[in-house]
Amino acid sequence: PVDWREVSPTAEGRQWWDAGSVRRTREGTLSVLSRFTPETDPEARPLGSLYVMQIDCDQKLYRDQQVNGLPRWGAQWEAAGQDALISSVIDAVCSADLA
């Protein structure tokens, strides 16, 4: 079942992650469905954009493997940097109880 959990919004927008979608990959990273809605974009999709993120909890890195259902082949690992929404999602997903 879908279990959307919102992280603290920022001036950039709002972001949620689906606790029901968190899975451990063969590589030992985590995969999660997330949703982002920009705060300042009146043309944004009503539900925002959907991402399938892969997260490396040990190194605090992420990569978007799908955006709105479209695969991103060869997506590179990235640090969240100053993006508080991505940092919050990484922290929340990596501390989630996967039992």
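You'll find the structure just up there.
Described in the following lines is the structure provided in the data block. Values in this document were obtained by computation on a predicted structure and should not be read as measured data.

## Here's the deal with the state of the cysteines
Then, number 1: Per the stated rule, a full pass over the model turns up 1 disulfide.
Then, number 2: At a sulfur-sulfur separation of 2.0 Å, the disulfide partner of Cys 57 is Cys 94. Where Cys 57 bonds to Cys 94 through sulfur, the torsion about that S-S bond is close to -90°, and the disulfide is left-handed. Of the two residues, Cys 57 sits in the loop between β5 (49-56) and β6 (61-67) while Cys 94 sits in helix α1 (residues 84-94), which places them 37 residues apart along the sequence.
Then, number 3: Relative accessible area serves as the criterion here: at 24%, Cys 57 is assigned to the partly exposed category.
Then, number 4: The partly exposed category is assigned to Cys 94, whose relative accessible area is 24%.

## Describing the side chain of Ser 21
Then, number 1: Inspection of the secondary structure assignment puts Ser 21 in the loop between β2 (13-18) and β3 (23-24).
Then, number 2: The exposure class of Ser 21 is buried, given its relative accessible area of 17%.
Then, number 3: Here the side chain of Ser 21 touches Leu 33 through a polar contact of 2.8 Å, landing on its backbone nitrogen.
Then, number 4: With residues near it in sequence (within four places) discarded, Ser 21 still touches Ser 31, Val 32 and Leu 33.

## As for α1
Then, number 1: Every buried residue belonging to α1 is among Leu 85, Ile 86, Val 89, Ile 90 and Val 93, and all of these are buried. Looking straight down α1, one finds that the buried residues subtend no more than 135° of arc, so they occupy a single side.
Then, number 2: Where α1 is buried, its residues contact β2, β4 (30-38), β5 and β6.

## Observations concerning the pairing of β4
Looking along a regular strand, one sees the side chains alternate between the two faces of the sheet.
Then, number 1: Taking burial as the measure, the 9 residues of β4 include 7 buried ones, the bulk of the element.
Then, number 2: Strand direction decides the pairing type here: β2 and β4, joined by 5 bridges, are antiparallel. Counterpart to Gly 13 in the pairing with β4 is Pro 38.
Then, number 3: The pairing of β3 with β4 spans 2 bridges and is classified as antiparallel.

So, how was this worked out
Position numbers for residues start from 1 in each chain and track the written sequence from start to end. pLDDT decides what is reported in this predicted model: residues at 70 or higher carry local features, side-chain atom pairs at 80 or more are listed and counted, and totals for whole chains, interfaces and linings draw on all residues regardless. No hydrogens and no water enter the side-chain calculation; it runs on all heavy atoms of the structure. Sulfur atoms of two cysteines make up a disulfide when they are within 2.5 Å. Only DSSP runs of H or I reaching four residues or more are called helices, and only runs of E reaching two or more are called strands; each is numbered from the N terminus. Three exposure classes are used, based on accessible area relative to the maximum for each residue type with a 1.4 Å probe and protein chains only: buried under 20%, partly exposed in between, and exposed over 50%. Nitrogen and oxygen atoms within 3.5 Å of one another constitute a polar contact, given that in protein one can donate a hydrogen and the other can accept it, and given that sequence-neighbouring residues count only through two side-chain atoms. Residue contacts are defined here by distance: any two heavy atoms, one from each residue, within 4.5 Å place the two residues in contact. The arc under discussion is defined with respect to the helix axis, by the directions toward the C-beta atoms. Here, any two strands with at least 2 DSSP bridges between them count as paired.

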